[in-house]
Amino acid sequence: MYHMAIQNKDQLQTFVKETIRTTPITDIHTHLFSEQFGDLLLWGIDELLTYHYLVAETFRFRPELSYDEFWAMSKREQADLVWKTLFLEHSPYSEACRGVLTVLNRLGLDVSSRDLESYRSYFASKSTSEYIDQIFQLSNVSTVCMTNDPFVDAERERWEKIGQTDPRFNAALRIDPLLNQWETTWVKLKQWGYDVEEQMTDRTFEGVRSFLRYWIRKMNPLYMAVSLTHDFRFPESSPRGLIIEKCIVPVAREFDIPFALMIGTKRRVNPDLREAGDSVGLSDVRSVENLCAAYPDTKFLCTMLARENQHGLAVAARKFRNLHVFGCWWFLNNPSLIEEITRMRFELLGLSVTPQHSDCRVLDQLLYKWDHSREIIAKVLIDKYSDLMDTGWRLEEDEIRRDVADLFGGSFWSFLGRKDPAKG
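Residues numbered from 1 in each chain as written. Predicted model: local features only at pLDDT ≥ 70, side-chain atom pairs only at ≥ 80, totals over all residues. Heavy atoms only, no water.

A. Layout of the nonpolar core. Membership of the largest hydrophobic core comes to 131 residues, with the highest contact counts inside it found for Leu212, Met224 and Leu323. The greatest single-element share of this core, amounting to 11 residues, is contributed by helix α17 (residues 365-390). If you look at the next biggest cluster of nonpolar residues, it comprises seven residues, including Val55, Leu65, Leu273 and Ala276. (Core = buried A, V, L, I, M, F, W, Y, C linked by side-chain atoms within 4.5 Å. Buried < 20%, exposed > 50% of the residue type's maximum accessible area, 1.4 Å probe, protein only. Helix = DSSP H or I, 4+ residues; strand = E, 2+ residues; numbered from the N terminus.)

This is how it looks when you write it as structure tokens:
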């Protein structure tokens, strides 16, 4: 006896949309923190308005405003200026602006009032714990993966003090300074008691491995991660290349966790913009292929920043089963690009991909980034299932539920070889 089958395309559309809406999500890459990390967790309207996407957009309309003037303002004053510039003096239809309005709407606030002070009063009435619960419930996100950098003093100090973290917040060990600024990072490792020197020696490699082992045991991260500039190449004889080869890969294999690469930034093309000053560059997919080929028993997660790299990366994932492609990162997090990239990935990789992650830096952004992405993913899936119906293929409700669960975290957990904690 068959399970419930989809009878027509109207039923298909309704069922897919409802399944997308009600399926919990594992958000595999964010910059969020649990409540135990104190003020490292950002939330509220002023944090939303001073998100670096909006800061960069504001400067485009304020040629008279110097960068120093803006950075000298309090956060509240910056938020006031962003609100005035992007929401009152211009229609807020950029994705970052629309996202703020989606958050306010989903919280039940009167968006039409345009009353920033009333929004501030709403957030002031909430405790951090209460608000975390509210956002997880409204966004239907079951778990998120943080970005945890032991090279950041404030974060390292908290890790040394906290015990059990909120189970909704998984860790990811971020190691950018280790790979991108070795000329200064080795000094820190030395100060922390690791037997390293600037030269790439066996002693240095063992010291770095000891550092990684310590933090993996402390954090229990789902993966190690690095953000790399567009000119990253592998193999290479630089400290970065050697540390990947001699330290990252062996430790990833030892603990059976993936190495996640986020590739494609151009750092500080306008340093006056601070966090908002980074740009995008074309990367070399061959470096990812070289890693996957050289270390077939090591798992790699990868996302790339340039639109032009998306097809090559998806093709690479077809060739290497130890590569899992995820998300529409940073400048790709726009509806038109998410739809284009998601369609292409589904056509090349089927369900063996994680189509999106939020990259949230502000807790509230879970609402808009997932609301907007759910809508796009539903649209693409409806089209793909419709194509199957046209061939005479029978579509069953349980199978669609299974597929959506895979796209919203199931494929990721399978790739890790772990069980989704949200499923008990």
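B. The packing of aromatic side chains, seen in detail. Scanning the entire structure with this criterion turns up 23 aromatic pairs. Aromatic pair Phe136 and Phe169: ring centres 5.4 Å apart, planes at 65 degrees, arrangement edge-to-face. One end of the pair, Phe136, is in helix α8 (residues 128-139); the other, Phe169, is in strand β3 (residues 169-170), with 33 residues separating them in the sequence. Phe169 gets classed as buried once you look at its relative accessible area, which sits at 2%. (Phe/Tyr/Trp six-rings, centres within 6.5 Å; stacked < 30°, edge-to-face > 60°.)

C. Structural detail: the side chain of Asp27. Relative to the helices and strands, Asp27 resides in strand β1 (residues 25-27). Buried within the structure, Asp27 lacks any salt-bridge partner; its nearest side chain of opposite charge belongs to Lys369, at an N-O separation of 8.5 Å. Within polar-contact distance, the side chain of Asp27 engages the side chain of Ser358 at 2.5 Å. In contact with Asp27, other than residues within four places in its own chain, are Val141, Thr143, Val144, Cys145, His357, Ser358, Leu366 and Trp370. (Lys, Arg positive; Asp, Glu negative; His and termini not counted. Salt bridge = Lys/Arg side-chain N within 4 Å of Asp/Glu carboxyl O. Polar contact = N/O pair within 3.5 Å; in protein donor to acceptor, adjacent residues only side chain to side chain. Contact = heavy atoms within 4.5 Å.)

D. Local environment of the sheet that holds β1. Spatially, the three strands line up as an open sheet ordered β1-β2-β3, and their pairing is parallel. Looking at which strands have only one partner, the edges of the open sheet turn out to be β1 and β3. Packing against the sheet, α8 makes contact with β2 (141-145) and β3, and its axis sits at approximately 115 degrees to β2. Each of β1, β2 and β3 touches helix α18 (residues 397-416); the most contacted strand, β1, lies at about 60 degrees to it. (Pairing = 2+ DSSP bridges. Axes fitted to C-alpha atoms, helices over the stretch in contact; angles between N-to-C directions.)

E. Up close: helix α14 (residues 285-294). Among the residues of α14, Val285, Ser287, Val288, Leu291 and Cys292 are the ones counted as buried. The buried side chains of α14 occupy one side of the element, clustering within an arc of 160 degrees when seen end-on. Elements that come into contact with the buried residues of α14 comprise α13 (239-255), β6 (259-266), β8 (300-304), α15 (310-319) and β9 (323-325). (Arc of directions from axis to C-beta.)

F. The arrangement of the layout of surface pockets in detail. The computed volume of the largest pocket comes to approximately 1200 Å³. The set of elements that each furnish at least two residues to the lining of the largest pocket consists of α3 (52-60), α5 (75-88), α10 (176-180) and β5 (224-229). Residue classes in the lining of the largest pocket are distributed as 15 nonpolar, 10 polar and 13 charged. Considering only enclosed or pocket space, the second largest pocket measures out at about 380 Å³ in volume. (1 Å grid on protein atoms, 1.4 Å probe; cavity = no way out; pocket = protein on both sides within 12 Å on 5 of 7 lines; lining within 4 Å. Points joined across faces, edges and corners; volume = space filled by probe spheres on them. Nonpolar A, V, L, I, M, F, W, Y, C, P; charged D, E, K, R; others polar.)

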